[in-house]
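# Understanding the architecture of this molecule
Read off the chains here:
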Amino acid sequence: MSMRRIIAMLVIIAAVTTVVWVFSHNETRDSSERITVGSIAPEFEATTIEGKKVRLSDFQGQIVVLNFWASWCTSCVREMPLLNDIHKSTSSQIETLFINVGESKGTASEYLKDHSFSFPVVIDVTGKISALFGVSALPATYIINGEGKIKEAILGEITDFPLMQLINSYTYSGIQPG
C-alpha cells in the first residue's frame, strides 16, 4: 500500500471517528438540555472559512438560518443547492450560517469551490457547536428569530421550497423577525 493511500485512510478514519464521537456525545445529553422550538439558541463564537469571527448574537434582530452539514452526508449534499438559493435570495433581515461538522477547513473549502457555493461556513471540527444544539444527525437546520429564539427545527433533508416560503413568511406576512 502506498504512503499516499495510508495517509488518506488515516485522514478518513480520523474524520469518521470525530463525527462518531460528536454524535455519540450528543446522544448522552439529558433531555432537559436538548434544544427545542421556543428555547433560546445557545450562543457561540467561531471563525468562518474566510477568517471572519462570528457570534450568533451578531445577528440579533435578524432571522438566522443555521444549517449543520458535512460533504460526506448525501442528504446534506442534495439540499445544498436549495440552501444556496435561499442564501442568495433572502432579504437583509435574514442571515444564513452553515456549520460544517467534523471536517477540515480544506475539505469543506474544496467542496464549496467545486460546487460554486459562496455561503458563510464555520468549521466545527471538534463538534462544540453541534453539541450546543444537540445535533445528533445531519443535516439539521434551525431558524432563529431576531430575539434569538428557535422558531423551527428541521431535522433531516430539506427537499423543496417550503423552507424558503416559511422564512419569507416571517419577513413579508407581518410576522416580525423577533
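Quick caveat: nothing in here was measured; it's all calculated off a predicted structure. Chains are numbered independently. Their residues run from 1 in the order of the written sequence. In keeping with the predicted nature of the model, local features appear solely for residues at pLDDT of at least 70, side-chain atom pairs appear and are counted solely at 80 or more, and the whole-chain, interface and lining totals rest on all residues. Hydrogens are left out, water is left out, and the side-chain values use all remaining heavy atoms of the structure.

Further remarks concern the overall build of the protein chain. Regarding its fold elements, the protein chain presents five helices and seven strands. The numbering of helices and of strands both runs from the N terminus, where a helix is a DSSP run of H or I of at least 4 residues and a strand a run of E of at least 2. When the helices and strands of the protein chain are listed from N to C terminus, the series reads α-β-β-β-α-β-α-β-α-β-β-α. Note on classification: 1.4 Å probe, protein chains only; a residue is buried when its accessible area is under 20% of the maximum for its type, exposed when over 50%, partly exposed between these limits. For the protein chain, buried positions account for 42% of its 178 residues. Here a residue-residue contact requires only that any non-hydrogen atoms of the pair lie within 4.5 Å. Contacts in the protein chain between residues at least 24 apart in sequence constitute 70% of all its contacts with a sequence separation of at least 6. Surface accessibility in these figures is a Shrake-Rupley result with a 1.4 Å probe; residues are shielded only by whichever protein chains are displayed. As displayed, the protein chain has an accessible area near 9300 Å², and 57% of this comes from carbon and sulfur atoms.

Among the eight residues in strand β4 (residues 94–101), seven count as buried, and that is most of the element. Only strands joined by at least two bridges in the DSSP assignment are considered to pair. Both strand β3 (residues 63–69) and β4 contribute to a ladder of seven bridges, which runs parallel. Opposite F68, over in β4, you have I99 as the bridge partner. Pairing of β4 with strand β5 (residues 121–124), which is carried by four bridges, proceeds in the parallel orientation. Considered in β5, the bridge of F98 is made with V121.

It is worth spelling out the nonpolar core at this point. Residues belong to a common nonpolar core when they are buried Ala, Val, Leu, Ile, Met, Phe, Trp, Tyr or Cys residues joined through side-chain atoms within 4.5 Å. Ranked by size, the top nonpolar core spans 38 residues in total, and within it F44, L66, F68, W69, F133, Y142 and I144 carry the most contacts. Of all the elements in the fold, those that place two or more residues in this core are β3, α2 (74–89), β4, α3 (105–114), β5 and β6 (140–144). Here this core takes five residues from α2, the largest share from any one element. Excluding residues within four positions of it along the chain, W69 makes contact with C76, M80, F98, I99, N100, V101, E103, A108, Y111, L112, V121 and L138.

With that out of the way, let us pick up the sheet that holds β5. Taken together, the five strands give an open sheet; going across it, the order is β5-β4-β3-β6-β7, and neighbouring strands pair in mixed fashion. The open sheet terminates on both sides in strands that have one partner only, identified here as β5 and β7 (150–155). Between one strand axis and the next, the sheet turns by 20° as a mean value, whatever way the strands run. The pairing of β6 with β7 spans five bridges and is antiparallel. Residue pairing in the sheet places I143 in a bridge with E152 of β7. Inter-axis angles, ranging from 0 to 180 degrees, are taken between N-to-C directions of lines fitted to C-alpha atoms, where helices are fitted over the stretch in contact.

A few words on the side chain of E103. Relative to the assigned elements, E103 resides in the loop between β4 and α3. Here E103 sits buried without a salt bridge, and the closest side chain of opposite charge, K105, lies 14 Å off (N-O distance). Any pair of nitrogen or oxygen atoms within 3.5 Å is treated as a polar contact; in protein, a donor-acceptor pairing is required on top of that, and neighbouring residues in sequence qualify only through side-chain atoms on both sides. Within the local environment of E103, its side chain forms a polar contact with the side chain of S71, the two groups lying 2.5 Å apart. Dropping the residues within four chain positions of it, E103 is found in contact with W69, A70, S71, W72, I123 and V125. In this count, Lys and Arg are taken as positive residues and Asp and Glu as negative ones, while His and the chain termini are left out. Counted as salt bridges are all cases of a side-chain nitrogen of Lys or Arg within 4 Å of a carboxyl oxygen of Asp or Glu.

Attention now goes to the state of the cysteines. Disulfides are covalent bonds that connect the sulfur atoms of two cysteines. Disulfides are defined as pairs of cysteine sulfur atoms found within 2.5 Å of each other. The final tally for this structure, using the stated rule, is one disulfide. Sulfur-sulfur distance for the disulfide between C73 and C76 comes to 2.5 Å. When the S-S torsion is 75°, as for the bridge of C73 with C76, the disulfide is right-handed.

Here the focus is the pattern of salt bridges. One pass over the full model with this rule turns up two salt bridges. One salt bridge connects R55 with D58, and the closest N-O pair in it is separated by 3.2 Å. Judged by its relative accessible area of 39%, R55 is partly exposed. A salt bridge links E157 to R78, with the shortest nitrogen-to-oxygen separation between them at 2.7 Å. Highlighted residues: E157 in the loop between β7 and α5 (162–172) and R78 in helix α2, separated in sequence by 79 residues. On the accessibility criterion, E157 (26% relative accessible area) is partly exposed.

That's the geometry; what it means functionally is another story.
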